[in-house]
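Here is what each chain is made of, one letter per residue.
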Amino acid sequence: MKKEVKKQAILYVVIPCYNEEEVLMETTRQLKEKMEKLVKDKAISKESKVMYVNDGSKDKTWELIEEINKKENFFTGLCLSRNRGHQNALLAGLMVAKEYADIVISMDADLQDDINAMDEMIKKYYQGNDIVYGVRSSRKKDTLFKRMTAEGFYKFMQKMGVDIVFNHADYRLTSKRVLNYLENYKEVNLFLRGMFPLIGFSSDVVYYERNERFAGESKYPLKKMLSFAWDGITSFSVKPIKMVLSIGILIFVVSILILVYSLVVKLLGNTVPGWTFIICSIWIVAGLEMLSLGIIGEYIGKIYNETKARPRFIIARNLVEEDKDERR
Ligand code: UDP
Ligand code: MG
């Protein structure tokens with residue numbers, strides 16, 4: 001599956017920014033050093049760039065981006081018409097960057113993700129990987145609460161049947177062709193870290209330590225985090241619907257046992273009149289209702305999958321075409 005790739009690819013680093021005026025200058029300083037080093041080492045082409053995506057910031061973020069763009073060779077920017085949230089801003093950046101780049105790395109503006117992991121990501125790309133996931137080796141610097149909720153979330157997602165990389169957020173390298181395929185995923189409820197494993201191709205991981213935010217506040221308060229997690233589950237899994245059917249079957253089976261039980265109790269003569277009828281009715285009706293809901297749910301689950309209209313397959317290599325190219 002793996003194919004050797006030409007050296008000195010054009011790299012674009014895509015960074016969504018929402019009210020990040022406090023961090024942008026320092027981020028730019030560090031990334032400039034990094035880009036210069038990568039170009040000097042001939043790891044990437046000198047046409048490479050860092051692309052800041054302004055996600056409708058209310059502070060001076062965009063003015064700063066414009067200023068940096070004028071002063072610095074390696075820096076460019078994109079401005080969304082309004083705030084659309086981290087995932088949409090990131091997708092916008094990826095879709096624009098892929099037109100100019102061979103590879104794209106996405107990361108956050110606060111440099112919590114160690115930029116030194118980029119070297120290894122690029123190396124792994126040249127070894128023939130189309131996606132390289134950045135994975136947090138530990139969460140020592142996160143608060144206990146953040147660590148428990150985040151790790152619990154990844155485990156829960158995997159239980160729900162969603163194929164995600166444990167402890168990987170949105171720090172990753174992707175090749176141009178992966179992004180071209182990503183464009184075919186038209187869904188509106190974005191959960192990007194769940195979509196890349198669906199696309200496939202050879203992938204690898206790079207481990208890094210996650211730092212604290214060096215300035216400014218998190219733009220992901222608990223409420224946003226919870227709704228993001230909920231989006232992740234409901235955008236990728238029909239297991240919750242399937243659970244309704246299982247519960248329906250369970251209640252229906254229990255209702256038959258109750259029927260037998262209450263008939264026995266009645267025959268033994270230990271009941272008041274009407275008791276058997278009421279108990280049996282409650283259980284059988286509840287069981288039938290739950291069962292019907294579950295069956296309707298199965299169809300809704302199918303509709304949900306159809307409306308996403310995700311690609312059914314992606315072809316990695318086609319030897320017919322490759323043979324033709326060779327003969328040319
Ligand atoms: N972000 C964005 N739009 C938003 C919220 C956040 O573009 O509506 C960006 C933000 O500027 C940062 C990244 O998403 O570059 C991650 O946000 P943050 O670092 O605050 O999240 P945390 O690391 O605390 O989870
Ligand atoms: Mg952060």
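Being a predicted model, the structure only gives us computed values, none of them experimental.

Q: What's the story with the overall build of the protein chain in this structure? I'm lost.
A: When helices and strands are tallied, the protein chain shows 11 helices and seven strands. The C-alpha atoms of the protein chain give 26 Å as radius of gyration, which overshoots the globular expectation for 328 residues (20 Å, by more than 25%). Structurally, the protein chain occupies a C-alpha span of about 95 × 55 × 35 Å along its principal axes. Out of the 328 residues in the protein chain, the part that is buried amounts to 42%. Of the contacts formed within the protein chain by residues at least 6 apart in sequence, a portion of 81% connects residues at least 24 apart. Element-wise, carbon and sulfur atoms account for 59% of the exposed surface of the protein chain, whose accessible area totals about 18400 Å². A distance of 3 Å separates the average location of the 50 positive side-chain charges in the protein chain from that of its 43 negative side-chain charges.

Q: Just checking my understanding: could you explain the pairing of strand β5 (residues 131–136) for this structure?
A: Looking down a regular strand, the side chains alternate between one sheet face and the other. Burial analysis of β5 places six of its six residues in the buried class, which makes it a mostly covered element. Here β5 shows no split at all, with I131, Y133 and V135 on one side and V132, G134 and R136 on the other all buried. Sheet topology places β5 next to strand β7 (residues 203–208); six bridges connect them, and they run parallel. For V132, the partnering residue across the bridge sits in β7 and is D204.

Q: Mind showing me how you'd approach the side chain of K308 here?
A: Along the chain, the position of K308 falls in helix α10 (residues 275–308). For K308, which is buried and forms no salt bridge, the nearest opposite charge comes from E187, at a distance of 4.0 Å. Within polar-contact distance, the side chain of K308 engages the backbone oxygen of S235 at 3.2 Å. With sequence-adjacent residues up to four places away left out, K308 is seen in contact with E187 and S235.

Q: Please explain the side chain of T174 as it appears in this structure.
A: Mapped onto the elements, T174 comes out in strand β6 (residues 168–175). With residues near it in sequence (within four places) discarded, T174 still touches D102, I103, V104, D130, I131, L179 and F196.

Q: Would you explain the nonpolar core in this entry?
A: Across soluble globular proteins, nonpolar side chains show a tendency to be buried alongside one another. In this structure, L94, V104, L182 and F196 are the most contacted members of the largest nonpolar core, which totals 40 residues. When residues of this core are traced back to their parent elements, those giving at least two are β1 (11–17), β2 (49–54), α3 (86–97), β5, α5 (144–159), α6 (176–182), α7 (192–199) and α8 (222–236). Apart from the residues within four sequence positions on either side, L182 is in contact with L91, L94, M95, L192, M195, F196 and I199. Listed in part, the 36 residues of the second largest apolar core include I44, L64, F74 and I103.

Q: Looking at this model, I keep getting lost on helix α9 (residues 239–267). Mind explaining?
A: An α-helix turns once every 3.6 residues. As a result, residues three or four positions apart point the same way. Helix length check: α9 (29 residues) gives 42 Å between terminal C-alpha atoms against 42 Å at 1.5 Å per residue, within 8%. Of the positions making up α9, those classed as buried are L245, G248, S255, I258, S262 and V265. Considering only its buried residues, α9 is in contact with α10. Positive phi appears at G269, one or two residues downstream of α9, with a value of about 80°.

Q: Please explain the coordination of the magnesium ion (ligand 2) as it appears in this structure.
A: Six octahedrally arranged donors around a metal ideally form angles of 90 or 180 degrees; four tetrahedrally arranged donors ideally form angles of 109.5 degrees. Coordination of the magnesium ion (ligand 2) by the protein is provided by D110 (OD) and Q112 (OE1), with metal-donor distances spanning 1.9 Å. Judged by its relative accessible area of 3%, D110 is buried. Accessibility expressed as a relative area gives 11% for Q112, which makes it buried.

Q: Sorry if this is basic, but what is going on with the sheet that holds β6 here?
A: In sheet architecture, strand pairing relies on hydrogen bonds along the backbone and comes in two forms, parallel and antiparallel. Pairing in this open sheet of seven strands is mixed, and the strands run β3-β2-β1-β4-β6-β5-β7 from one edge to the other. Two strands bound the open sheet, and with one partner strand each, they are β3 (75–79) and β7. Recorded for the sheet is a direction-independent mean angle of 25° between the axes of neighbouring strands. The sheet contact formed by β2 and β3 spans five bridges and is parallel.

Q: Is there a simple way to think about a positive patch on the surface in this case?
A: Taken together, the side chains of K58, R82, R84 and K224 present a region of like positive charge at the surface. Position of K58 among the secondary structure elements: in the loop between β2 and α2 (61–71). With relative accessibility at 67%, the residue K58 sits in the exposed group.

Calculation criteria
- Residues numbered from 1 in each chain as written.
- Chains lettered and ligands numbered in written order.
- Predicted model: local features only at pLDDT ≥ 70, side-chain atom pairs only at ≥ 80, totals over all residues.
- Heavy atoms only, no water.
- Helix = DSSP H or I, 4+ residues; strand = E, 2+ residues; numbered from the N terminus.
- Rg over C-alpha atoms; globule rule 2.2 N^0.38 Å.
- Buried < 20%, exposed > 50% of the residue type's maximum accessible area, 1.4 Å probe, protein only.
- Contact = heavy atoms within 4.5 Å.
- Areas by Shrake-Rupley, 256 points an atom, 1.4 Å probe, with all protein chains shown as cover.
- Lys, Arg positive; Asp, Glu negative; His and termini not counted.
- Charge placed at Lys NZ, Arg CZ, Asp CG, Glu CD.
- Pairing = 2+ DSSP bridges.
- Salt bridge = Lys/Arg side-chain N within 4 Å of Asp/Glu carboxyl O.
- Polar contact = N/O pair within 3.5 Å; in protein donor to acceptor, adjacent residues only side chain to side chain.
- Core = buried A, V, L, I, M, F, W, Y, C linked by side-chain atoms within 4.5 Å.
- Expected span 1.5 Å × (residues − 1).
- Donors = N, O, S within 2.8 Å, 3.2 Å for Na, K, Ca; no water.
- Axes fitted to C-alpha atoms, helices over the stretch in contact; angles between N-to-C directions.
- Patch = residues over 30% accessible without salt bridge, like charges linked within 9 Å, V, L, I, M, F, W, Y side chains within 5 Å.

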